[in-house]
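Breakdown of the fold
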Amino acid sequence: MKSVNSLVQSLLLAVAVLAFYSYGFGPDALYGALVSFINTWLFDYFMRKQKAAVNADAQKSFRMAIKSSVLRIFSLAMFTLIGLSLLALDPGALILSLVVGQVGFILDRFRQK
């Protein structure tokens, strides 16, 4: 069932990348989509890790949640800055596809409940 966890996110990002590709910004949008998928993967990784720690007390569980949030925000900022500065990608395409991916991530979570 893991393959359909990010169905909405994948569909929205495919549409966004194809739309930007038609305007010549396909690689820029694709990079933003990949960053979005990395963020989703990190979220899923930490959720599995937290569920596996069944004997964790509230304090340990809280620390795991904080660690997850900090690492996800740091990686999101780092990959975005790399794309904007080192790779000189178009900011509009990169950020918009990243936002579309995060909206898809949220919609997928609502769909799964």
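It should be noted that the structure appears before, not after, this text.
Residues numbered from 1 in each chain as written. Predicted model: local features only at pLDDT ≥ 70, side-chain atom pairs only at ≥ 80, totals over all residues. Heavy atoms only, no water.

Taken together, the side chains of Lys 49, Lys 60, Arg 63 and Lys 67 make up a positively charged region of the molecular surface. Element by element, the count of residues in the positive patch is highest for helix α3 (residues 58-86), at 3 residues. Relative to the elements of secondary structure, Lys 49 occurs in helix α2 (residues 26-52). (Patch = residues over 30% accessible without salt bridge, like charges linked within 9 Å, V, L, I, M, F, W, Y side chains within 5 Å. Areas by Shrake-Rupley, 256 points an atom, 1.4 Å probe, with all protein chains shown as cover. Salt bridge = Lys/Arg side-chain N within 4 Å of Asp/Glu carboxyl O. Lys, Arg positive; Asp, Glu negative; His and termini not counted. Charge placed at Lys NZ, Arg CZ, Asp CG, Glu CD. Helix = DSSP H or I, 4+ residues; strand = E, 2+ residues; numbered from the N terminus.)

All told, the structure shown has 3 aromatic pairs when counted by the stated rule. Measuring from ring centre to ring centre gives 5.6 Å for Trp 41 and Tyr 45, while their planes differ by 15°; the resulting arrangement is stacked. Placement of the pair is Trp 41 and Tyr 45 together in helix α2, with a separation of 4 residues, close to one helical turn. The exposure class of Tyr 45 is partly exposed, given its relative accessible area of 33%. With a centroid separation of 5.2 Å and an interplanar angle of 75°, the aromatic rings of Tyr 45 and Phe 46 are classed as edge-to-face. For Phe 46, a relative accessible area of 10% corresponds to the buried category. (Phe/Tyr/Trp six-rings, centres within 6.5 Å; stacked < 30°, edge-to-face > 60°. Buried < 20%, exposed > 50% of the residue type's maximum accessible area, 1.4 Å probe, protein only.)

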